[in-house]
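What follows is each chain in one-letter form.
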Amino acid sequence: MEDNNNRPPRGITGERAIDIGDIKVTPFVSSRFRLDGGSMFGVIPRVLWERKATPDSMNRIDLNSNSLLIETGGHTVLLEPGMGSKYDAKQSLLYALGEGDVITELARLGVEPEDIDLVLATHLHLDHAGGSTVSDGSRGARPSFPNAKLVVQLEEMKAALEPHALSRGSYRRDDFVPLVDNGALMTVEGDVEVAPGVFVEMTGGHTPGHQIVRIESGGQEAVYPGDLVPTCAHLRLNWLMAWDLDPRAVYARKGRLLADCADREALLFWSHDPRVAGCRIKTSQAGYYEIDEESVLEANK
Ligand SMILES: [Zn+2]
């Protein structure tokens, strides 16, 4: 018989957990990888971006998939499953994929796949949805979290199932088709409260159905802008990724979002920053947004 007393308490992660009102939020790194630095900064010249992110000999920069475990009203929610573990040796080398994935990292927090009630992804690109399924040998892939549905925008599911030619390489069917087949993909439209105090908000821009996540409780607020602002180096409004399908929409939404978060002193969590899991932002003397160093939550602790 299973002895539940030997299991660490769910999601009790000591100093890593942050209280947003009554909601407990634990940042953790679900994947470490590298991508071409140019692709991460679009038209921004390397002489500028390399001051923020040092490229390796293949011009790649370090990136994380920064995830959140959110405990609210009896629900255990995973925000962003990261790259996952379905990569062969050649692909792992290409992305310089580090060891570990969302399942091994959750286990370190005392959380088993069965404990997760709900999974949220900002969009279905491979570095965000990969961990939502695991390899099932010759049968392909199966859902990683047997008791959870993955919530994405309807628009995003459509974009992933029939991708535009420009984003075909960013979607891998094994990351989400097994969820569709198992009734484990839940689509929403627009802005929806998906768990107590946890809201998804449709933004589009990076992908047609990109969404951000806002966490609100007891007058406190945290925001996960996903790939609208993937790292702190992207705080300049015109520092956009070459991957953005609609850069004008990203620019507009990002401007409104950062102004709002600076005003309200919301805690921001970055999807890909290799150093900073979360922080508050402020306006610098030059009129740009910058991170408030005192508020930094290190990603790699
Ligand atoms: Zn991404």
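Residues numbered from 1 in each chain as written. Predicted model: local features only at pLDDT ≥ 70, side-chain atom pairs only at ≥ 80, totals over all residues.

## Some words on the sheet that holds strand E10 (residues 192–195)
For clarity, the threshold we go by: Strand pairing requires that DSSP identify at least two bridges connecting the strands. We count a stretch as a helix when DSSP gives it H or I for four or more residues in a row; a strand needs E for two or more, and each element gets its number in order from the N terminus.
Spatial ordering of the open sheet is given by E10-E11-E12-E13-E14-E15-E18, a layout of seven strands whose pairing is mixed. Each edge of the open sheet carries a strand with a single partner, namely E10 and strand E18 (297–298). With three bridges joining them, E10 and strand E11 (residues 198–202) adopt antiparallel strand pairing. Bridged to Ala195 within E11 is Val198.

## Quick word on the nonpolar core
Defined as follows: Each nonpolar core consists of buried Ala, Val, Leu, Ile, Met, Phe, Trp, Tyr and Cys residues. Their C-beta atoms, within 7 Å, join them into a set. Partly exposed residues are those falling between the two cut-offs: more than 12 but fewer than 20 other C-beta atoms within 10 Å of their own, whereas 20 or more means buried and 12 or fewer means exposed, with C-beta atoms placed from the backbone. In this description, a residue-residue contact is defined by the distance between C-beta atoms placed from the backbone, which must lie within 7 Å.
With 77 residues, the main nonpolar core has Ile70, Val119, Leu120 and Leu268 as its most contacted residues. At five residues, the largest contribution of residues to this core is made by strand E3 (residues 60–72). When residues no more than four places from it in sequence are discounted, the contact partners of Ile70 are Ile23, Val25, Val77, Leu79, Val198 and Ile215.

## Notes on the pairing of E3
Among the 13 residues in E3, 13 count as buried, and that is most of the element. Here twelve bridges tie strand E2 (residues 23–36) to E3, and the two strands are oriented antiparallel to one another. Note that in E3 the partner of Thr26 across the bridge is Leu69. The turn linking E3 back onto strand E4 (residues 75–79) is made up of two residues, and Gly73 within it adopts a positive phi angle of 50°.

## Some remarks on the pairing of E4
For E4, the tally of buried residues reaches four of five residues, placing the bulk of the element in the interior. The pairing of E4 with strand E5 (residues 118–120) spans three bridges and is parallel. In the strand pairing of E5, Val77 is matched with Leu118.

## A short note on unusual backbone geometry
Unlike most non-glycine residues, Asn59 shows phi in positive territory, near 70°. You can see Asn59 is positioned in the loop between helix H2 (46–49) and E3. When the 14 C-beta atoms within 10 Å are taken as the criterion, Asn59 is described as partly exposed. Despite not being glycine, Glu265 has its phi angle at roughly 55°, a positive value. You can see Glu265 is positioned in the loop between helix H8 (247–264) and strand E14 (267–269). Assessed through the 13 C-beta atoms surrounding it within 10 Å, Glu265 is described here as partly exposed.

## Some details on the sheet that holds E5
We count it as follows: Only the stretch in contact is used when a helix axis is fitted, and all axes are lines through C-alpha atoms; the angle between N-to-C directions ranges over 0 to 180 degrees.
The strand order across the open sheet formed by seven strands is E1-E2-E3-E4-E5-E8-E9, and the pairing between neighbours is mixed. At either margin of the open sheet sits one strand with a lone partner, and together these are strand E1 (18–20) and strand E9 (185–188). On average, adjacent strands in this sheet sit at an angle of 30° to one another, irrespective of strand direction. Strand direction decides the pairing type here: strand E8 (residues 149–153) and E9, joined by four bridges, are parallel. In the strand pairing of E9, Val151 is matched with Met186. Its contacts with the sheet put helix H6 (residues 154–161) on E8 and E9, and the angle it makes with E8 is roughly 90°.

## A word on H6
Formally: Each direction from the helix axis to a C-beta atom contributes to the arc, which is the arc of those directions.
Those residues of H6 that sit buried are Glu155, Glu156, Ala159 and Ala160. One side of H6 carries all its buried residues, which in axial view fall inside an arc of 130°. Of the surrounding elements, those touching the buried residues of H6 are E8.

## Overview of the confidence of the model for the chain
Put simply, the rule is: What pLDDT expresses is the predictor's confidence in each residue, scored from 0 to 100.
Averaged over the chain, the pLDDT score is 94; the fraction of residues at 70 or greater is 95%. In the predicted structure, residues 1–11 sits below a pLDDT of 50 and forms 15 contacts with residues beyond four places in sequence or in another chain.

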